[in-house]
Amino acid sequence: MKNSEALFQRAKEVMPGGVNSPVRAFRSVGMTPRFIDRAKGNRIYDVEGNEYIDYVGSWGPMILGHAEENTLRAVKEAADKGLSFGACTEAEVEAAELITSALPHIEMIRMVNSGTEAVMSAVRVARGFTGRSKLIKFEGCYHGHSDSMLVKAGSGAMTFGSPDSAGVTKGAAEDTLLAEYNNLESVERLFDENRGEIACVIVEPVAANMGVVPPEEGFLEGLRELCDRNGSLLIFDEVITGFRLAFGGAAEYFGVAPDLATYGKIIGGGMPVGAYGGRKEIMERVSPSGNVYQAGTLSGNPIAMAAGLATLKTLKENPDIYTKINEMGAYLAGELRRVSGLTVNNVGSLLCLYYTDKLVRNYADAVKSNTDRFSGSFGKLLEKGIYVAPSQFEAMFLNACFTGEDLDYTVKVYEEIFEKEK
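Conventions adopted
- Residues numbered from 1 in each chain as written.
- Predicted model: local features only at pLDDT ≥ 70, side-chain atom pairs only at ≥ 80, totals over all residues.
- Heavy atoms only, no water.
- Helix = DSSP H or I, 4+ residues; strand = E, 2+ residues; numbered from the N terminus.
- Rg over C-alpha atoms; globule rule 2.2 N^0.38 Å.
- Buried < 20%, exposed > 50% of the residue type's maximum accessible area, 1.4 Å probe, protein only.
- Contact = heavy atoms within 4.5 Å.
- Areas by Shrake-Rupley, 256 points an atom, 1.4 Å probe, with all protein chains shown as cover.
- Lys, Arg positive; Asp, Glu negative; His and termini not counted.
- Charge placed at Lys NZ, Arg CZ, Asp CG, Glu CD.
- Axes fitted to C-alpha atoms, helices over the stretch in contact; angles between N-to-C directions.
- Parallel < 35°, antiparallel > 145°, perpendicular 65-115°, else oblique.
- Nonpolar A, V, L, I, M, F, W, Y, C, P; charged D, E, K, R; others polar.
- Patch = residues over 30% accessible without salt bridge, like charges linked within 9 Å, V, L, I, M, F, W, Y side chains within 5 Å.
- Salt bridge = Lys/Arg side-chain N within 4 Å of Asp/Glu carboxyl O.
- Pairing = 2+ DSSP bridges.
- Core = buried A, V, L, I, M, F, W, Y, C linked by side-chain atoms within 4.5 Å.
- pLDDT = per-residue confidence, 0-100.

J.: Tell me about the overall build of the chain, and please be specific about residues and values.
T.: Summing up its helical and strand segments, the chain has 15 helices and 14 strands in all. For 422 residues, the compact-globule estimate of 2.2 N^0.38 gives 22 Å, and the chain sits close to it at 21 Å. With 422 residues in all, the chain has 57% of them scored as buried. Considering only contacts within the chain whose residues lie at least 6 apart along the sequence, 71% involve residues at least 24 apart. With an accessible surface of roughly 17700 Å², the chain has 49% of that area assigned to carbon and sulfur atoms. One finds the centroid of the 43 positive side-chain charges in the chain at a distance of 3 Å from the centroid of its 56 negative side-chain charges.

Put into structure tokens, the structure is as follows:
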């Protein structure tokens, strides 16, 4: 019989840390990672056959649940025709039409293969369009692992206590300026100190890589105004929030339109995907229309497009899904606050329980969370069949397959954990 420990020992011989993405290693919680064999709905099953309620959801894309029937059917039909052509297909046109018709601020879009690639490309377009070099990002916001973004990054970088990465040169990062999330004065100060030099401000409209930190009232609107005043572009990184908070993503949810936005996760239905888009006058600067070069052999891959289209069509035809999962998110957050006495941040179907009773509104607040307490709870949750991300600084994701019974069981387990800690 296969088991996770044996597989991890094999993996460590042939992959750095035994994993293909750092946070999967379970190192921060002092455990061996679970190797997953299959999934269905809101359940995952490891190679030993253990069943878990899944609050990771492949880090966000499984909004309809794992192995959703329409998505699987679309993938299988597309695969029968061939896996990749390196040529134009109808599916990529249909996907682009669906997305641009749903998002008024996205007039043109370019498909890529990951969120990292989407952000890297969007920033390059912003620099090409404005003729400027510098960008503003926020401490604790994660925008992929391209060099200029690994400065006070969130997500896995926070988990391992190394916000900056070795191998990133001073030159690659020197044009990246850091501001404090939810602090407009810090942004305005950077604009004042770098007049006429800032190409763009990039932000997670909901910071979902230092847990879940919602934008305070007026923050996104303030960024919009500052960018307009200074001739800079506003980029929303909607890799997580896109098509999750609402069909129109955070831009619709908060009523603020960016100049450019990046997407991933849900638009691929579980397949590797990314995309960036924005106003036509900006996007026409991308090659072959313009002089900002970006290319990709597997961009618009027909399998990823089939999966994404099936998922997006289901969401578009069933807007009540958003009502359901957002209400469940609010309910679970409220119950976890009640039984824990700790801070639980929630936006729609995203939530995070921080092991602190202090307000968490930025990176400095998030890192004060008690990660030792989190690690202790993590193992107990796993024993009770609840699978959350093995990091204090990741979100919990709900999907359409969750039930009230699932949420109540989760709350009961957390309540038992906190009672034993007293």
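From this point, the narrative continues.
J.: I'd like to hear about the packing of helix α7 (residues 184–193) against helix α8 (residues 219–230), residue by residue, with values.
T.: Their axes nearest at 10 Å, the elements α7 and α8 cross at an angle of 10°. In terms of orientation, α7 and α8 fall into the roughly parallel class. Here α7 contributes L184, V187, E188 and F191 to the contact with α8, which in turn contributes F219, G222, L223, L226, C227, R229 and N230. Its residues placed into classes, the contact of α7 with α8 shows seven nonpolar, two polar and two charged.

J.: Hey, could you go over a positive patch on the surface for me, with residue numbers and the actual values?
T.: Positive charge collects at one region of the surface, where K380, K384, K412 and K420 lie side by side. Inspection of the secondary structure puts K412 in helix α15 (residues 404–421). Overall, K412 belongs to the partly exposed group, its relative accessible area being 47%.

J.: Kindly report on the sheet that holds strand β6 (residues 176–179), identifying the contributing residues and their values.
T.: Reading across the sheet, the seven strands line up as β4-β10-β9-β8-β7-β5-β6 and stay open at both edges, with mixed pairing between neighbours. One side of each edge strand has no neighbouring strand; the edge strands of this open sheet are β4 (108–112) and β6. If you compare each strand with its neighbour and ignore which way they point, the axes differ by 20° on average. Where strand β5 (residues 134–138) lies against β6, four bridges are found, and the strand directions are parallel. When the bridges of β6 are listed, K137 appears paired with L178.

J.: I'd like a rundown of the environment of I386, residues and numbers included.
T.: Along the chain, I386 turns up in strand β13 (residues 386–387). Each C-alpha atom of the pair I386 and V413 lies 8.7 Å from the other, and the pair is 27 residues apart in sequence. I386 has contacts with Y52, I53, Y55, L381, Y409, T410 and V413, leaving out every residue within four places of it along the chain.

J.: So what's going on with the sheet that holds strand β12 (residues 350–354)? Which residues, and what values?
T.: Reading across from one edge, β11-β12-β14 is the order of the three strands in this open sheet, with antiparallel pairing throughout. Every other strand in the sheet has two partners, leaving β11 (343–347) and β14 (396–397) as the edge strands with one partner each. Here β12 runs beside β14; their pairing, made up of two bridges, is antiparallel. By the bridge assignment, L350 is partnered in β14 with F397. Packed on one face of the sheet, helix α12 (residues 320–340) meets β11, β12 and β14 and runs near 175° to β11.

J.: Provide a residue-level description of the pattern of salt bridges, including the pertinent values.
T.: Using the criterion set out here, one finds 14 salt bridges in the structure. Measuring nitrogen to oxygen at the nearest pair gives 2.7 Å for the salt bridge that ties E94 to K313. Of this pair, E94 sits in helix α3 (residues 90–102) while K313 sits in helix α11 (residues 302–317); the two residues are 219 residues apart in sequence, bridging distant segments of the chain. Where salt bridges share partners, they join R224, D228, D259, R279 and E281 into one cluster.

J.: Give me the nonpolar core: which residues, what numbers.
T.: Within the largest apolar cluster, 98 residues are counted, with the highest numbers of intra-cluster contacts made by Y55, F138, F243 and Y414. For this core, the element with the highest residue contribution is α12, accounting for eight residues.

J.: So what's going on with the confidence of the model for the chain? Which residues, and what values?
T.: Interpretation of this model should avoid reading the predicted coordinates in detail wherever pLDDT is low. For the chain, per-residue confidence averages 94 on the pLDDT scale, and residues scoring 70 or more make up 96% of the total. Here residues 154–163 is modelled with pLDDT under 50, and outside its nearest four sequence neighbours on either side it reaches 31 contacts, counting other chains as well.

J.: Can you tell me about unusual backbone geometry, naming the residues and giving the values?
T.: The omega torsion across S287 and P288 is 10°, close enough to zero to call that bond cis. For P288, the position within the fold is in the loop between α10 (280–283) and α11. Phi is positive for A67, which is not a glycine, with a value near 55°. One can find A67 in the loop between β3 (51–54) and α2 (69–81). Note on A67: relative accessible area 26%, which makes it partly exposed. At N182, a residue that is not glycine, the phi angle is positive and equals roughly 70°. Locating N182 in the fold gives a position in the loop between β6 and α7.

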